[in-house]
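Chains, contacts and geometry: an overview
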Amino acid sequence: MRKKITVVGAGMVGATLGQRIAERDYADVALVDVIPNMPMGKALDLLEAGPVVGYDSLVIGSNGYDETAGSDIVVITSGLPRKPGMSRDDLLRKNQEIVTQVTQEIVSRSPNSILIVVTNPLDAMAQLAYKVSGFPRERVLGMAGVLDTARFRTFIAQELHVSVRDVSAYVLGGHGDTMVPLVRFTTVAGVPVSKLIPAERLAQIVQRTRDGGAEIVNLLGSGSAFYAPSAAVAQMIDSIVLDKKMILPCAVHLQGEYGVKDLFVGVPAKLGAKGVEEVIQIELTDEERAALQKSVDAVKELIGVMGI
Ligand code: TXD
């Protein structure tokens, strides 16, 4: 039987992800949103693209959760954008409410699903979904690292005029400001990037990667990035649905790895049919360890505000 993938939040990331999944033709898709009829409209539009593109994926939209029952994978993108006058903490609490409610609805109908959290602040929302769902850590993860490394890889490929496929990069830590790019493990066709790009220039590229989300927000004028984020989630889903066992940077519940306990932090993880099948541990330098600690502290602070 075809797999079933639910995407909660049929906004920019959610709907684009729905399209990417449908086009892969390996799963049916359910799109859920609170805006009346909107997910039904997007789902029907995607379904009607099937004959032209050549996929048979069934795509359904809903304002409720009955259609999501028995999902194999559920992606949570639902959330609010920050509005004028809203503090970071107000937004955090609002998204806490949304992600809590969504997770409860999902868990009651798809108790064996794998949850992939996308809503920001990413690491804190993943922790919340983990706590609310009661799922084992194998089945709750957050998307951020694949996007951050994709940005890093793009800029390196541009700098060196090489294929993006030849650039592999590692990013640890939280999403955004506290991200820890591991330049030591970043290579171009196997050659360490530090041998190809001068340190000063590399530092600029790292900074641009850190600010990657803001750069897009400023250009768009309203809303935030969605093509690269949805592509990143789709790659994680590929590895799970096709049991590819790719090692991808994801937010994972650490249980002692990297010296961190009971906290979601971005680390390289092996993704397969069971979800997170292994957390890959690499030796860090003191400097990298200190940078990771900053990430850990930032996530802890948000969790403190949420009171979970
Ligand atoms: O790297 C990453 N993790 C990220 C995270 C990359 C890109 C976007 N990132 C975050 O994902 C972003 O900061 C937001 O928190 C989410 C979704 O971003 P998107 O750009 O798709 O936002 P939209 O277009 O506003 O879509 C959110 C949808 C919107 O249609 C709302 O009506 C819906 O979520 N929404 C809900 N759906 C279901 N249930 C509830 N309660 C709900 N509340 C809002």
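Cut-offs applied
- Residues numbered from 1 in each chain as written.
- Predicted model: local features only at pLDDT ≥ 70, side-chain atom pairs only at ≥ 80, totals over all residues.
- Heavy atoms only, no water.
- Helix = DSSP H or I, 4+ residues; strand = E, 2+ residues; numbered from the N terminus.
- Rg over C-alpha atoms; globule rule 2.2 N^0.38 Å.
- Contact = heavy atoms within 4.5 Å.
- Lys, Arg positive; Asp, Glu negative; His and termini not counted.
- Charge placed at Lys NZ, Arg CZ, Asp CG, Glu CD.
- Pairing = 2+ DSSP bridges.
- Domains from an automatic or database assignment.
- Buried area = accessible area lost by both parts, 1.4 Å probe.
- Salt bridge = Lys/Arg side-chain N within 4 Å of Asp/Glu carboxyl O.
- Polar contact = N/O pair within 3.5 Å; in protein donor to acceptor, adjacent residues only side chain to side chain.
- Nonpolar A, V, L, I, M, F, W, Y, C, P; charged D, E, K, R; others polar.
- Axes fitted to C-alpha atoms, helices over the stretch in contact; angles between N-to-C directions.
- Parallel < 35°, antiparallel > 145°, perpendicular 65-115°, else oblique.
- Left-handed = near helix turned anticlockwise from the far one by under 90°.
- 1 Å grid on protein atoms, 1.4 Å probe; cavity = no way out; pocket = protein on both sides within 12 Å on 5 of 7 lines; lining within 4 Å.
- Points joined across faces, edges and corners; volume = space filled by probe spheres on them.
- Near = heavy atom within 4 Å.
- Areas by Shrake-Rupley, 256 points an atom, 1.4 Å probe, with all protein chains shown as cover.

1. A word on the overall build of the protein chain
Secondary structure summary: the protein chain contains 9 helices and 14 strands in total. In terms of overall dimensions, the protein chain is globule-like: its C-alpha atoms have a radius of gyration of 19 Å, near the 19 Å expected for 308 residues. Here the C-alpha coordinates of the protein chain stretch approximately 55 × 45 × 40 Å along the principal axes. For the protein chain, restricting intrachain contacts to residue pairs at least 6 apart in sequence, the fraction spanning at least 24 positions comes to 68%. If you average the places of the 31 positive and of the 35 negative side-chain charges in the protein chain, the two averages end up 2 Å apart.

2. Regarding the sheet that holds strand 7 (residues 167-168)
Read across the open sheet, the 3 strands follow the order 7-10-11; overall the sheet is antiparallel. Either end of the sheet is taken by a strand with one partner, and the two such strands are strand 7 and strand 11 (191-192). The sheet contact formed by strand 7 and strand 10 (residues 187-188) spans 2 bridges and is antiparallel. Residue pairing for strand 10: Ser-168 is matched across the bridge by Thr-187.

3. Here we look at the domain arrangement of the protein chain
In terms of domain boundaries, the protein chain breaks down into domain 1 (3-142) and domain 2 (145-306). Measuring from the centre of the C-alpha atoms in domain 1 to the corresponding centre in domain 2 gives 22 Å. Roughly 3,200 Å² is buried in total at the junction of domain 1 and domain 2, and carbon and sulfur atoms are behind 68% of that figure. Counting the contacts that link domain 1 with domain 2 gives 3 salt bridges. The salt bridge involving Arg-137 is made with Glu-257; its shortest N-O contact spans 2.7 Å. In this structure, the connection of domain 1 to domain 2 is made through 15 residue pairs in polar contact (both at pLDDT 80 or more). Among the secondary structure elements, those contributing two or more residues to the side of domain 1 that touches domain 2 are strand 1 (3-8), helix 1 (12-24), strand 4 (73-76), helix 3 (88-109), strand 5 (114-117), helix 4 (122-133) and strand 6 (140-142). Here the side of domain 1 that touches domain 2 is built from residues that sort into 21 nonpolar, 5 polar and 11 charged.

4. Concerning the environment of Ser-87
Looking at the element boundaries, Ser-87 is found in the loop between strand 4 and helix 3. Sequence spacing of Ser-87 and Pro-181 is 94 residues, and the spatial spacing of their C-alpha atoms is 28 Å.

5. Observations concerning the packing of helix 3 against helix 9 (residues 286-306)
Running from N to C, helix 3 and helix 9 cross one another at 70 degrees; their axes reach a closest spacing of 10 Å. As judged from the angle between their axes, helix 3 and helix 9 are roughly perpendicular. Handedness of the crossing formed by helix 3 with helix 9: right-handed. Residues Arg-88, Asp-89, Leu-92, Arg-93 and Gln-96 of helix 3 form the contact with helix 9, whose participating residues are Leu-302, Val-305 and Met-306. Residue composition of the contact of helix 3 with helix 9, by class: 4 nonpolar, 1 polar and 3 charged.

6. Focus on the environment of Leu-128
Looking at the element boundaries, Leu-128 is found in helix 4. Put simply, Leu-128 and Gln-96 are 32 residues apart on the chain and 7.4 Å apart in space, counted from C-alpha to C-alpha.

7. Thoughts on the layout of surface pockets
Empty pockets left among the atoms are what a rolling probe the size of a water molecule brings to light. Estimates place the volume of the second largest pocket at around 440 Å³. If you trace the second largest pocket, you find 22 residues lining it, with Ala-150, Thr-154, Tyr-227, Ala-228 and Ala-231 closest to the centre. For the lining of the second largest pocket, the secondary structure elements donating two or more residues are helix 1, helix 5 (145-160), helix 7 (212-220) and helix 8 (227-241). Tallied by class, residues from the lining of the second largest pocket come to 12 nonpolar, 3 polar and 7 charged.

8. Examining the site of the ligand
Close to the ligand lie 26 residues, the nearest being Met-12, Val-13, Asp-33, Met-143 and His-175. Taking Asp-33, its side chain carries an N or O atom lying 2.6 Å from an oxygen atom of the ligand. Between an oxygen atom of the ligand and a side-chain N or O atom of Asn-120, the distance comes to 3.0 Å. Coverage of the ligand by the protein amounts to 86% of the 870 Å² it exposes when considered alone. Among the secondary structure elements, those contributing two or more residues to the shell around the ligand are helix 1 and helix 3. For the shell around the ligand, the element with the most residues is helix 3, which contributes 3 residues. Looking at side-chain class alone, the shell around the ligand contains 15 nonpolar, 10 polar and 1 charged residues. Split by domain, the shell around the ligand shows at least three residues from each of two domains, domain 1 (3-142) and domain 2 (145-306).

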